[in-house]
Amino acid sequence: MYRRRVLALCGLAITGAGCQGETEDTGTVTPMPSPSGSETDIGSPPSVTVTDAVVAPGVVIPRTDSISVEPTGGQFLVLTTTIEGSGVDRGAFSLRFDGATYSPETFRNGLYRDGEWGRQFTEAGGPLVFDLPETGSASDARLSWPGGEWTMPKTVQNRLEAPLPSFDVTLDGPERVTEPAMPTLEITVTNTGDTAGRYVLALNRTGPRVAYAPVGRFDRVLEPGETAGITHDAKTPYVDDTEPREVTYHLRAPDDNNDATHRIKPVDEETATES
């Protein structure tokens, strides 16, 4: 289950059965005119568009040689933006929620998103991540910047106001394989809460001949009681005689109770050990 932990923060890309690219919480910005200025004002206010809005209990970020899920004590709102015209610095954006104002979070290595390593906000736009309380009134929720603002669609407001659900996550697959090996991993996620919500997972691999490597990110909205099954073609441990002859997968979640590890070894290694 996802425990709420207060830590400092998207990104997310294995293609599983409906595990990527959720865009149901989206909206489009209508650029607002800049306030009236003097004759010395030059140019027009930038046009900012919000192309995606996601409420999640964590975001996937890159480490040195792996990816991890950064959890939050409340909930993250991740807005994907595009900017035309004069760029707007990330610090110029603010988010109003439940009577308080929030600034975007900064992540040193950016976000891991659809295989892109270290996605950052730039003058052309990008992700804006806000660390918000777990619940609160979203009636006044809006994104503001110099010369404009964006009011959230009702679907996003409802997600922000509803408590985040809990999830049960399992990672399964064969423990021993014969050559030629074509193992398959199975990830199962169940929404055990009373409200709809998004799960966020990151998968890494060690071996064969790899110290540590990112595999991808999974995220999707599940309804209460709904289960998602995700399959992934795993690597074979039959590469060469390099030790150890095994492949290990490491699944990470916002709640470390849902972290999981699965190891795949050759059958002949087991036979040699027993003899």
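Below is a short write-up of the structure. Keep in mind that what you see is a predicted model, and the values were worked out from it rather than measured. Throughout, a residue's number is its position along its own chain's written sequence, starting from 1. Selection of residues for local features in this predicted model requires a pLDDT of at least 70, selection of side-chain atom pairs for listing and counting requires 80 or more, and totals for whole chains, interfaces and linings are taken over all residues. Calculation of side-chain values draws on the structure's entire complement of heavy atoms; hydrogens and water are dropped beforehand.

Some thoughts on helix 1 (residues 154-161)
Here is step 1 of the chain: Using a 1.4 Å probe on the protein chains alone, a residue whose accessible area is under 20% of its type maximum counts as buried, one over 50% counts as exposed, and one in between counts as partly exposed. Runs of E in the DSSP output that reach at least two residues are strands. Runs of H or I that reach at least four are helices, and both are numbered from the N terminus. Listed in full, the buried residues belonging to helix 1 are V156, Q157 and L160. What you see down the axis of helix 1 is that its buried residues fit within an arc of 100°, all on one side.
Here is step 2 of the chain: Where helix 1 is buried, its residues touch strand 1 (47-62), strand 2 (67-84), strand 3 (94-97), strand 7 (125-132) and strand 9 (148-151). What the arc describes is the spread of directions from the helix axis to the C-beta atoms. Any two residues whose heavy atoms approach within 4.5 Å are treated as being in contact.

Looking at the sheet that holds strand 8 (residues 142-145)
Here is step 1 of the chain: Pairing between strands is defined by DSSP: at least two bridges between the two strands are required. The four strands are arranged 4-3-8-9 in an open sheet whose pairing can be described as antiparallel. Whereas interior strands pair on both sides, the edge strands pair on one side only; in this sheet they are strand 4 (100-102) and strand 9. Put simply, the sheet's adjacent strands are angled 25° from each other on average, direction ignored.
Here is step 2 of the chain: Note: strand 3 against strand 4, three bridges, orientation antiparallel. What sits directly across from L95, in strand 4, is Y102. Inter-axis angles, ranging from 0 to 180 degrees, are taken between N-to-C directions of lines fitted to C-alpha atoms, where helices are fitted over the stretch in contact.

Let's talk about the pattern of salt bridges
Here is step 1 of the chain: Put simply, a salt bridge is a Lys or Arg side-chain nitrogen that is within 4 Å of an Asp or Glu carboxyl oxygen. Per the stated rule, a full pass over the model turns up nine salt bridges.
Here is step 2 of the chain: For the salt bridge of D140 with R96, the shortest nitrogen-to-oxygen distance reads 3.6 Å. One end of the pair, D140, is in the loop between strand 7 and strand 8; the other, R96, is in strand 3, with 44 residues separating them in the sequence.
Here is step 3 of the chain: For R96, a relative accessible area of 28% translates into the label partly exposed.
Here is step 4 of the chain: Between D219 and R217 there is a salt bridge whose closest N-O contact spans 3.3 Å.
Here is step 5 of the chain: Under the relative-accessibility criterion, D219 is labelled buried at 3%.
Here is step 6 of the chain: A relative accessible area of 6% places R217 in the buried class.
Here is step 7 of the chain: Several salt bridges share partner residues, and in doing so they unite R198, R217 and D219 into one network.

Structural measurements only, silent on function.
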